[in-house]
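Now for the letters of each chain:
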Amino acid sequence: MKKWLFNPFETLAGWSALIIGLGVIFITAVIAFYSNTRFDGVIDFHITTSTSLSGNITEGLIDWLCLSLFVYVSGLLFSRSSIRLIDVAGTQAMARFPCMLAAVFSFFFFNNNVLHYFKYKLLNTGQPVQITGSDILLFSLGMLSTFLMLGWMIVLMYRAYCVSCNMKGAKAVFSFVACVIFAEILSKILISFLVPTQGLE
Amino acid sequence: MSIEKKMPQVCPSCDTRLKVKKLHCPHCATEVEGLFTFPVLASLSNEDQSFILDFVKTGGSLKEMASRMKLSYPTIRNQLDDIIDRIRLLQKQHKN
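Rules behind the numbers
Residues numbered from 1 in each chain as written. Chains lettered and ligands numbered in written order. Predicted model: local features only at pLDDT ≥ 70, side-chain atom pairs only at ≥ 80, totals over all residues. Heavy atoms only, no water. Helix = DSSP H or I, 4+ residues; strand = E, 2+ residues; numbered from the N terminus. Rg over C-alpha atoms; globule rule 2.2 N^0.38 Å. Buried < 20%, exposed > 50% of the residue type's maximum accessible area, 1.4 Å probe, protein only. Contact = heavy atoms within 4.5 Å. Areas by Shrake-Rupley, 256 points an atom, 1.4 Å probe, with all protein chains shown as cover. Buried area = accessible area lost by both parts, 1.4 Å probe. Salt bridge = Lys/Arg side-chain N within 4 Å of Asp/Glu carboxyl O. pLDDT = per-residue confidence, 0-100. Disulfide = S-S within 2.5 Å. Polar contact = N/O pair within 3.5 Å; in protein donor to acceptor, adjacent residues only side chain to side chain. Phe/Tyr/Trp six-rings, centres within 6.5 Å; stacked < 30°, edge-to-face > 60°. Lys NZ or Arg CZ within 6 Å of the ring centre and 35° of its normal.

## Observations concerning the overall build of chain B
A count of helices and strands for chain B gives four helices and two strands. Against the 2.2 N^0.38 benchmark of 12 Å for 96 residues, chain B shows a C-alpha radius of gyration of 17 Å, more extended than a compact globule. C-alpha extents for chain B along the principal axes are approximately 45 × 40 × 25 Å. With 96 residues in all, chain B has 29% of them scored as buried. Across chain B, contacts joining residues at least 24 apart in sequence account for 38% of those joining residues at least 6 apart. On chain B, roughly 7200 Å² of surface is accessible, and the fraction owed to carbon and sulfur atoms is 57%.

## Observations regarding the interface of chain A and chain B
Contacts between the two partners involve 17 residues from chain A, matched on the other side by 12 residues from chain B. Together chain A and chain B conceal approximately 980 Å² of surface at their shared face, both sides included; 43% is due to carbon and sulfur atoms. Our count for the chain A to chain B interface comes out at three salt bridges. Close ionic contact of D85(B) with R80(A) constitutes a salt bridge, the shortest N to O distance being 2.7 Å.

## Let's talk about unusual backbone geometry
Positive phi outside glycine occurs at N166(A), with the angle close to 50°. Secondary-structure assignment places N166(A) in the loop between helix 7 (133-165) and helix 8 (169-194). By relative accessible area, which is 6% here, N166(A) ends up buried. For K70(B), which is not glycine, the phi torsion reads 55° and is therefore positive.

## Topic: the confidence of the model for chain A
When pLDDT is averaged across chain A, the result is 90; 97% of the residues are at 70 or more. At the level of individual helices and strands, chain A shows its lowest average pLDDT in helix 6 (residues 112-123) of chain A, which scores 76, and its highest in helix 4 (residues 85-94) of chain A, which scores 97.

## Brief notes about the state of the cysteines
Working definition of a disulfide: a covalent bond connecting the sulfur atoms of two cysteines. Taken as a whole, this structure holds zero disulfides over all chains when the rule is applied. Between C99(A), a cysteine without a disulfide, and C66(A), which holds the nearest cysteine sulfur, the sulfur-to-sulfur distance is 14 Å.

## As for the environment of E10(A)
Secondary-structure assignment places E10(A) in the loop between helix 1 (2-6) and helix 2 (14-34). Residue E10(A) is classed as partly exposed on the basis of its relative accessible area, which comes to 27%. In this structure, the C-alpha to C-alpha distance between E10(A) and S164(A), residues 154 residues apart in sequence, is 9.3 Å. Each residue touching E10(A), except ones within four places of it in the same chain, is listed here: K3(A), L71(B), S72(B) and T75(B). A distance of 3.5 Å separates the side chain of E10(A) from the side chain of N7(A), its partner in a polar contact.

## Overview of the packing of aromatic side chains
The full count for this structure, using the stated rule, is six aromatic pairs over all chains. Their ring planes at 25° and their centres at 5.9 Å tell us that F70(A) and F182(A) sit as a pair that is stacked. With a gap of 112 residues between them, F70(A) in helix 3 (residues 53-78) and F182(A) in helix 8 connect regions that are remote in the sequence. Overall, the relative accessible area of 47% leaves F182(A) in the partly exposed class. One aromatic cluster in this structure is built from Y158(A), Y161(A) and F176(A). The lysine or arginine in question, R84(A), covers the ring of Y73(B), its NZ or CZ lying 3.9 Å from the ring centre.

The following block contains the structure:
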């Protein structure tokens, strides 16, 4: 059970992981479209008031490709094993599975009332909105579940990196952190050019 | 029920790698005494030796190994690379 939650890549990599992973990215984009969720960066999650399906798919693919690119380059530079691009791409795509759950949770925990409330309070934009205690409770649960999903996704991405590139120890940790930072920056730049701003965030 | 004995690789007291001092023929009871170093492959752990046997039996196919062991290709490749590292280390120790 623990292995399937945190390191499924010991048993699943290559083409099968890539097919599952691409399925996850597309299903996530569809769910995010209906639950008004955006993943506009490798480790970014935002709720918004409206999204486009094509924008969500583009964002999911950019997030995946950016991290795969940096992880592959890092593997070529630092790993003593002969690594395969298909393993890197497949495992990194699969590692985005928690995003799908985060998009599902948005249905239950986040509503536009709270979003407009915080926009009005923090940015002084829009109309004043009344929110209830249950809105706040649901919002808090939503934030908690989102952070849990993001944490789980980062663990999966790291394990995917270790397995696909045969990396271990401090070298693995530091190079992975660098990969995530560079991939986050690149994904943000690409998304800003390729995906138009969607709704209120 | 016979117990499968594991050949000790290192000294249980000080962890130094052991050498063979005496060989015995179970047929005629001839004994040979000397100081022999374990071959590199025999110095590996039982798990590593078993992995190498399976690897040879599959004709050196990592894909087939992965399929038989129900593990992913990179996991098997990583195990092989780790064994290669241990063999290199043992070879270095044997030379010294």
